Amino acid sequence: MAKNIKTRAQDFAQWYQDVIKAAKLADTTPVRGCMAIRPEGYAIWEAIQRQLDRRFKATGHVNAYFPLLIPQSFLAKEAEHIEGFAMECAIVTHSRLEKTPTGLKPAGELEEPLIIRPTSETIIGYMYSQWVQSYRDLPLLINQWCNVMRWEMRTRLFLRTSEFLWQEGHTAHESAEEARVETLKMLDIYADFAENVLAIPVVKGSKTDSEKFPGALVTYCIEGLMQDGKALQCGTSHDLGQNFSKAFNIKFLGRDQQQAFCYTTSWGVSTRLIGALIMAHSDDEGLVLPPRVAPDVAAVVPIYRGPEEEQKVRGFVQQVIAALTAGRETQQISRHGIESWLFDAATEQRIVADFRDSRPGDKHFHWEQRGIPFRIEIGPRDVDAGSFVLKNRIDKSKEVVKLNDVSEAWLRDKLNSAQAALFDKARQFRDANTHWADNYDQLKQILKEKGGFVRCFFKPDRLAEAKIKEQTRATVRCIPFDQPGTSGKDIYSGEETSTQAIFATAY
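Presented here is a report on the structure given in the accompanying data block. (Residues numbered from 1 in each chain as written. Predicted model: local features only at pLDDT ≥ 70, side-chain atom pairs only at ≥ 80, totals over all residues. Heavy atoms only, no water.)

Points about the pattern of salt bridges
Here is step 1 of the chain: Following the criterion strictly, the structure yields 28 salt bridges and no others.
Here is step 2 of the chain: K204 is the partner of D188 in a salt bridge, and the nearest nitrogen-oxygen pair spans 2.6 Å. Of this pair, D188 sits in helix α6 (residues 176-196) while K204 sits in strand β9 (residues 202-206), and the two are 16 residues apart along the sequence.
Here is step 3 of the chain: Overall, K204 belongs to the partly exposed group, its relative accessible area being 29%.
Here is step 4 of the chain: When the shortest N-O distance is used, the salt bridge between R359 and D362 registers 3.3 Å.
Here is step 5 of the chain: The class for D362 is partly exposed, based on a relative accessible area of 36%.
Here is step 6 of the chain: One continuous salt-bridge network, built from bridges that share partners, spans K207, E223 and R477. (Salt bridge = Lys/Arg side-chain N within 4 Å of Asp/Glu carboxyl O. Helix = DSSP H or I, 4+ residues; strand = E, 2+ residues; numbered from the N terminus. Buried < 20%, exposed > 50% of the residue type's maximum accessible area, 1.4 Å probe, protein only.)

Describing the packing of aromatic side chains
Here is step 1 of the chain: Scanning all chains against the criterion turns up 17 aromatic pairs.
Here is step 2 of the chain: Counting every residue linked through ring pairs, the aromatic cluster contains W45, F56, W145, Y190 and W267.
Here is step 3 of the chain: The ring of Y507 has K230 sitting right over it, with the charged end atom 5.1 Å from the ring centre.
Here is step 4 of the chain: The ring of F355 is capped by R314, whose NZ or CZ atom sits 3.8 Å from the centre of that ring. (Phe/Tyr/Trp six-rings, centres within 6.5 Å; stacked < 30°, edge-to-face > 60°. Lys NZ or Arg CZ within 6 Å of the ring centre and 35° of its normal.)

Re the sheet that holds strand β18 (residues 349-354)
Two strands in a sheet stick together by hydrogen bonds in their backbones, pointing the same way (parallel) or opposite ways (antiparallel).
Here is step 1 of the chain: Spatial ordering of the open sheet is given by β16-β17-β18-β15-β19-β20-β21, a layout of seven strands whose pairing is mixed. One side of each edge strand has no neighbouring strand; the edge strands of this open sheet are β16 (333-335) and β21 (398-402). The mean inter-strand angle of the sheet, taken between neighbouring strand axes irrespective of direction, is 25°.
Here is step 2 of the chain: In this structure, strand β15 (residues 296-302) lies alongside β18, joined through four bridges in parallel fashion. Paired with A298 across the bridge in β18 is I351.
Here is step 3 of the chain: Relative to strand β17 (residues 338-344), helix α12 (residues 408-432) is tilted by about 85°, and along the sheet it contacts β15, β17, β18, β19 (374-378), β20 (387-392) and β21. (Pairing = 2+ DSSP bridges. Axes fitted to C-alpha atoms, helices over the stretch in contact; angles between N-to-C directions. Contact = heavy atoms within 4.5 Å.)

What about the sheet that holds strand β5 (residues 90-100)?
Here is step 1 of the chain: Read across the sheet, three strands follow the order β4-β6-β5 without closing on themselves; strand pairing throughout is antiparallel. Across the chains shown, the open sheet's two edge strands, defined by having one partner strand only, are β4 (69-71) and β5. The average angle at which neighbouring strand axes cross in this sheet is 45°, direction not considered.

Looking at the nonpolar core
Soluble globular proteins: nonpolar side chains tend toward being buried together.
Here is step 1 of the chain: The biggest cluster of nonpolar side chains holds 51 residues, and the ones touching the most others in it are I48, F158 and I278.
Here is step 2 of the chain: Among the secondary structure elements, those contributing two or more residues to this core are α1 (12-22), α2 (39-58), α6, β10 (218-225), β11 (231-241), β14 (263-270) and α8 (272-281).
Here is step 3 of the chain: For F158, the residues in contact, after removing those within four places along its chain, are Y16, I20, L25, A26, M35, I37, T271, R272, I274, G275 and I278.
Here is step 4 of the chain: With 33 residues, the next largest nonpolar core counts A298, V313, V317 and F423 among its residues. (Core = buried A, V, L, I, M, F, W, Y, C linked by side-chain atoms within 4.5 Å.)

Things to note about the packing of α2 against α8
Here is step 1 of the chain: Direction vectors running N to C along α2 and α8 enclose 105°, while the axes themselves pass 10 Å from each other. Considering the angle they form, α2 stands roughly perpendicular to α8. Across from G41, I44, W45 and I48 in α2, the residues of α8 making contact are L273, I274 and L277.
Here is step 2 of the chain: For the contact of α2 with α8, the class distribution of residues is six nonpolar, one polar and no charged. (Parallel < 35°, antiparallel > 145°, perpendicular 65-115°, else oblique. Nonpolar A, V, L, I, M, F, W, Y, C, P; charged D, E, K, R; others polar.)

Now the structure itself:
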C-alpha cells in the first residue's frame, strides 16, 4: 500500500481522492464544485476524446460548436426539460461590473437572463430549425465537444462536478425508425469503447420513465460496476422523438411534399469516464490505466551511480528505445529530466525514460502511482547481460527480457495482453457481484449486505421506484436488453411480469 493512499477497504471514497491526488490528475479550485484538470488527467481525456472522435466520424458525424449561453425562455419551451434541469441551472443576469465605494457590484441587468448550458438540446434545436428545410438536409449528424455547467450540491472530482467536459451528439432525422437506429448505434459505440478501450464491462439497456433524460421518449444507457459495488452510468443515448422539434419548429418538406417535424436524438459521455476507469481498475498502490488509454505506455527507469555508469546505461536505453520504435522516425522530447519518444502516432502514446536526479525507488513509486502499464528497469548489470527487467503494473508480474527479443510488435502484444487481462478481471468482478432477487426482502438484504447489481423481475412503475429508492437508496439502473423471454413475480407488487430490471446504489 502506498503511504499517501488509503486502502479501498479502509475508506473507498478517500482512496479515490488519494489516487487522483497521487497521480496528479486534478485538483479542487476556489470555484465551488469546479476542478482544475492537470496535464496528467487531461492527457487521459485527450486519449478518450481522440478515440471516440474517430468512431463518431467513421459513422458520418461531424463536429461543430454552439453557444455557452442559452436564453432562459428556450429551456421553458419543453416542459419536461425545464422541470428536469431547473434546479441545476447557473444563470447570468448582468452584463458588467460597476465600481462602488465598497467594491464591485453587478450592473447592466439583462433583458432576459441567460443560462450557462447544462446541455444543448434547446439552443441546437433552434439552430436546426434555421438549417433544415427539406428532407434533402437530413439526416443532420452533428457532435459538439464542450463544457457544461450543472449546479451540483455534492461534488466529487470527475464523477460529479459543477462544470465538466463532455461531448454531446445531436441528430435530426426524417423518421422515428431512423432516430431509433441512431440512438442504438451510438449506444453500441459507447459500449464498444467502454469495453475495448477502457476495459470496463457494461450492461446495455433502457432507463425507466422516472430515470430517463428530461424531454426524451426513451433513454438508453450503459452501466458499469465499480469496485465498491456501486453502479456508474457510463454513457447515455436519447431518442427525443418529436418533442424538441415541435418545441423549436424543426420542420422539413418531406418526399410527399408535406411539412413534417423532424425526429431528433442526443447522446453523450463526459469526463466522468476518467472517474469510472479509476474506480474500476486502480488499486491500493495508486492509479491503474488501461493500456489503450494510457498517455505513456512504458516508463524506463535507468539505475546507475556516477557519470561512467550513466553513460553506459543511457546507451543501452537508446538501444531499447530504437528497438521499440524501429522503422519509424520519432522525435525525442526532454522535459524536466524525463525524455519521451512517440510509440504510436495514431493514439499519440509515448515511451518515457526517467533521467531525473532522484533515487530509483522514488522513480518506481512515481510511475506506479501514475498507472503506467509497464516499467522497464535498466542497470549496469542488465546492460552487461543484454537484457532488462520488465514490470507489469496490472498484474504486478516481473520478467527478464533480452534486448534481441524486443520490438514494436513485442510491446504491442504485451499491451494487448495486459488490456485483455484488465477487462477479464473487471468482468469477473462484475459477474461475481451480480445477484438475483426473488422478492423485495431479498433485494433489500442483498443491497444492504453485498451491494452490486441486483437483477429481478420488476415492471417499471414510478411510485414503486420512488418507494424502493426511499427505503434502499437503490434505483433501477436499466432494463437490460437481454431479457429472458420468461415471466415471474414483480418483486414489489407481486404481479406477473416478463420484464427484468437491474437495481443498484449508484454514483
